[in-house]
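Results of the structural survey
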Amino acid sequence: MNSGEHRAVVSIEGIDPLPLFGQADGNLRAIEDRFAVRLSSRNGELQVSGDDESGVSAAVHVLGILVDRARRGSPITGEDLEYLFSAADHGARPAAPKGDGVVVLGDKKVVKVRTLTQAEYVEALLQRDVVFGIGPAGTGKTYLAVAVAVRLLKEKRVDRIVLARPAVEAGERLGYLPGDLQEKVDPYLRPLYDALNDMISLEKLQRFMQLGVIEVVPLAYMRGRTLSNAFVILDEAQNATLTQMKMFLTRLGPNSKAAVTGDITQIDLDDPAESGLVRIQGILEGVESIRFVYFNETDVVRHRLVRDIILAFDRSQQGSEKKGSPKRRDGGR
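As a starting point, this report considers the structure included with it. (Residues numbered from 1 in each chain as written. Predicted model: local features only at pLDDT ≥ 70, side-chain atom pairs only at ≥ 80, totals over all residues. Heavy atoms only, no water.)

Some thoughts on the overall build of the protein
Looking only at helices and strands, the protein has 11 helices and 11 strands in total. Here the protein holds 333 residues, and the buried ones make up 47% of them. Here the contacts in the protein between residues at least 6 apart in sequence split such that 70% fall between residues at least 24 apart. (Helix = DSSP H or I, 4+ residues; strand = E, 2+ residues; numbered from the N terminus. Buried < 20%, exposed > 50% of the residue type's maximum accessible area, 1.4 Å probe, protein only. Contact = heavy atoms within 4.5 Å.)

A closer look at the packing of aromatic side chains
All chains considered together, the criterion is met by four aromatic pairs. Ring geometry for Phe 35 versus Phe 85: centroids 5.5 Å apart, planes at 85 degrees, classification edge-to-face. A residue pair is termed long-range when its members are at least 10 positions apart, and Phe 35 in helix α2 (residues 26–35) and Phe 85 in helix α4 (residues 78–89) qualify at 50 residues. For Phe 35, a relative accessible area of 8% translates into the label buried. With relative accessibility at 3%, the residue Phe 85 sits in the buried group. By way of ring pairs, the aromatic residues Phe 132, Phe 292 and Tyr 294 are connected into one cluster. (Phe/Tyr/Trp six-rings, centres within 6.5 Å; stacked < 30°, edge-to-face > 60°.)

Let's talk about the sheet that holds strand β1 (residues 6–11)
Reading across from one edge, β1-β3-β2 is the order of the three strands in this open sheet, with antiparallel pairing throughout. Of all the strands in the sheet, the pair left with one neighbour each is β1 and β2 (38–42). Strand-to-strand, the axes of this sheet are offset by a mean angle of 20 degrees, without reference to chain direction. Alignment of β1 against strand β3 (residues 45–50), held across six bridges, turns out to be antiparallel. Bridge assignment links His 6 to a residue of β3, and that residue is Gly 50. α2 rests against β2 and β3 of the sheet, and its axis sits at about 145 degrees to β2. This element, helix α3 (residues 53–71), spans β1, β2 and β3 of the sheet and lies at about 5 degrees to β1. (Pairing = 2+ DSSP bridges. Axes fitted to C-alpha atoms, helices over the stretch in contact; angles between N-to-C directions.)

Some words on the nonpolar core
Membership of the largest hydrophobic core comes to 37 residues, with the highest contact counts inside it found for Leu 163, Leu 196, Ile 214 and Phe 231. Mapped by element, the contributors of at least two residues to this core are β4 (102–105), α5 (116–127), α6 (141–154), β7 (160–165), α7 (181–199), α8 (202–211), β8 (214–218) and β9 (230–234). Looking at which element gives the most residues to this core, the answer is α6, with nine residues. Within the second largest apolar cluster, 27 residues are counted, among which are Ile 65, Leu 84, Phe 85 and Ala 88. (Core = buried A, V, L, I, M, F, W, Y, C linked by side-chain atoms within 4.5 Å.)

Here we look at the side chain of Thr 117
Within the element layout of this structure, Thr 117 appears in helix α5. Once residues within four sequence positions are removed from consideration, Thr 117 is found in contact with Val 293, Tyr 294, Phe 295 and Asp 299.

Topic: the pattern of salt bridges
Evaluated as defined, the whole model comprises 16 salt bridges. Arg 160 is paired through a salt bridge with Glu 215; the nearest N and O atoms lie 3.7 Å apart. Pair noted here: Arg 160 is in strand β7 and Glu 215 is in strand β8, with a separation of 55 residues, a long-range link. Here Glu 215 falls in the buried class, since its relative accessible area comes to 18%. Among the ionic pairs, Arg 279 bridges to Glu 274, the shortest N-O distance being 3.6 Å. Through salt bridges with shared partners, a single network forms among Glu 5, Arg 7, Arg 38 and Asp 51. (Salt bridge = Lys/Arg side-chain N within 4 Å of Asp/Glu carboxyl O.)

Description of unusual backbone geometry
Negative phi is the rule for most residues except glycine; trans is the rule for most peptide bonds. Notably, Asn 43 is not glycine yet its phi reads approximately 50 degrees, a positive angle. For Asn 43, a relative accessible area of 73% gives the class exposed. Here the phi dihedral of Lys 156 falls at roughly 60 degrees; this positive angle occurs in a residue that is not glycine. On the secondary structure map, Lys 156 appears in the loop between α6 and β7.

Digging into α6
Over its 14 residues, α6 extends 20 Å from the first C-alpha to the last, a length consistent with the 20 Å expected when each residue adds 1.5 Å. Within α6 the residues assigned to the buried category are Lys 141, Thr 142, Leu 144, Ala 145, Val 146, Ala 147, Val 148, Ala 149, Val 150, Leu 152 and Leu 153. (Expected span 1.5 Å × (residues − 1).)

As structure tokens, then:
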């Protein structure tokens, strides 16, 4: 044993090593690279060694989670590794979501939670009447809300799904754009269609939309409606004013649920202070059956570069705030 070397052991007895190790031991190599450790397998054990005690500790913690997944027969994906690595980089000690993490068995794919915050969010969506998912891009806020909506529709716990977005780029005044209503709003609502297309076959989705079982509409077109037995989603809610937010939330009728998702760092309104998503947090705090779930960069499940970009922007903004404290014009009086 080298001077200053730290060692630990993780039991892998009784599990199939292939899902844990990855193709050509790719998972093990990724752990070695990320935490600067050395891994070797012998007699039902993984031996972990390295010069840095914190690196060995983090690697052991991540391996423990992966061993548990492999023991339960759950696949281990590159996204799973990236989440665990990112959480460890930020000093967190992540745990695996309970159970198999399945949100919905869609027609095209199985949707699962990948982070603990996602699991908390899905649980809130199933149990509460109104849930706000707030955080950066790529954390699955809207995608998981759509997945829960599809699940409740399949289970006949709601009769329809309504998805809305503020068409802020067109100022909610779509009349001057060419084409019929569908052609006017499609560019603003495309992300919602993309999520639905992942979970529902094209033929079924078209039929549901023709029957009004699934609606995708600009926020302005929801005024005056009452939605009963529905799962209603407001996406990009940071671009809704407080008046629009109130209008949306008061559309809920009996046996309806609402999910409101947005990123308060990406407000496109002329006056960001008018964002309903920013102001609603203080107004509805503590209201029964309403839940706020906050995501951060460790929950990003897109390409790992997305997480790095978000962190880079955060650092830049923090640096600008430190440098840019404007001098008071009254000389400090």
